[in-house]
Amino acid sequence: MRIGNLGGRLVIVRDGRAVDVERASGGRFAADPQAVYGDWEAFRDWAASAEPPGGAAFDPAELGAPVPAPRQVFAIGLNYREHAAESGFDVPEGLPPVFTKFATSITGPVTEVTLPPGGHTDWEVELVAVIGRPARDVAEDDAWDHVAGLTVGQDISERVTQLAGPAPQFSLGKSFPGFAPTGPWVVTPDEFDDPDDLELTAAINGEEVQKGRTRELIFSVPQLVARLSAVLPLLPGDLVFTGTPAGVGLGRDPQRWLAPGDELVSRVEGIGELRQRFASA
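Treat the numbers as computed from the prediction; the structure is a model and nothing was measured.

Caption draft 1: Seen up close, the sheet that holds strand β18 (residues 272-279). Strand order in this open sheet of five strands is β8-β18-β17-β14-β15, and the pairing throughout is mixed. Each of the sheet's edge strands pairs with one partner strand only, and the pair in question is β8 (110-114) and β15 (207-213). Averaged over all neighbouring strand pairs, the angle between strand axes comes to 15°, with direction disregarded.

Here it is as structure tokens:
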């Protein structure tokens, strides 16, 4: 199942067409795309058994963030060995670096992003897990049962702000408006042959700059759910950005930053793509 946000309304996407959930369910489920995660199991069961109408064609540019207002957004740093190396850090042990992207940075899959003046804006393609059931002290073997689905994310990062001051400002440097595009929809784990092994790529103006597979994650999705939920509750509709593979601009020689007019395309196998164009302030 693929669920999305079309014009602010919850939809199921089938064969490139969108089924409006509130209308198809006779009002049983609300139109609010965020609300569905609070009643995820009932919605999943209904969607599996119902045969809603065929849906309507739509323009991908009309899609919003599939999870537009999460209560918590977790972002994981240094979760691929080669990215840790290019960033000049040791491979994390025990618990990876965790920060947040503030929710006001979340946008949909096709957007224009304003570059902060005087900054060095970088790219980080990521697989994003969406929590579907409350998770507290969850065992790794049970973790996928608490994941509603997976989506594509970009952890766009302004490195000057991120690395300024006596201590790094990861959350601020990664939370400018439009710095957390997600989508194009959430795909349930049962849609994948192996949800722990998906290819992810990023390209700028058609040039591939990142390529990796999620089997290379140091901490897999189940491990992240287990380790995060050992510290605090994970709530339905929360997002977990799982980290980025090597190839970011910060780790290049010479370093490279996004510029006005650049188009960034981020893809995850079996899910889809994000498309961001960058503009000067």
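Caption draft 2: A look at the pattern of salt bridges. Tallied over the entire structure, the rule returns 20 salt bridges. For the salt bridge of R133 with E41, the shortest nitrogen-to-oxygen distance reads 3.1 Å. With a gap of 92 residues between them, R133 in the loop between β10 (125-131) and β11 (147-154) and E41 in helix α2 (residues 40-49) connect regions that are remote in the sequence. Taking the relative accessible area as the measure of exposure, R133 reaches 29% and is therefore partly exposed.

Caption draft 3: Just a negative patch on the surface, in detail. Judged by side-chain charge, E140, D141, D142 and D145 come together as a negatively charged surface patch. Here E140 lies in the loop between β10 and β11. The class of E140 is partly exposed, set by a relative accessible area of 39%.

Caption draft 4: Expanded view of the pairing of β15. Pairing between strand β14 (residues 199-204) and β15: six bridges, direction antiparallel. Counted as the bridge partner of E199 is R213 from β15. Between β14 and β15, which follow one another and run antiparallel, lie two residues, and N205 among them has a positive phi close to 55°.

Caption draft 5: The nonpolar core, seen in detail. Of all hydrophobic cores here, the largest spans 47 residues; its most connected members are L150, V225 and I271. Residues contacting V225, with those up to four places away along its chain left out, are I131, A135, V138, A143, V147 and L234. If you look at the next biggest cluster of nonpolar residues, it comprises 27 residues, including F29, Y37, A148 and L239.

Analysis parameters
- Residues numbered from 1 in each chain as written.
- Predicted model: local features only at pLDDT ≥ 70, side-chain atom pairs only at ≥ 80, totals over all residues.
- Heavy atoms only, no water.
- Pairing = 2+ DSSP bridges.
- Helix = DSSP H or I, 4+ residues; strand = E, 2+ residues; numbered from the N terminus.
- Axes fitted to C-alpha atoms, helices over the stretch in contact; angles between N-to-C directions.
- Salt bridge = Lys/Arg side-chain N within 4 Å of Asp/Glu carboxyl O.
- Buried < 20%, exposed > 50% of the residue type's maximum accessible area, 1.4 Å probe, protein only.
- Patch = residues over 30% accessible without salt bridge, like charges linked within 9 Å, V, L, I, M, F, W, Y side chains within 5 Å.
- Areas by Shrake-Rupley, 256 points an atom, 1.4 Å probe, with all protein chains shown as cover.
- Lys, Arg positive; Asp, Glu negative; His and termini not counted.
- Charge placed at Lys NZ, Arg CZ, Asp CG, Glu CD.
- Core = buried A, V, L, I, M, F, W, Y, C linked by side-chain atoms within 4.5 Å.
- Contact = heavy atoms within 4.5 Å.

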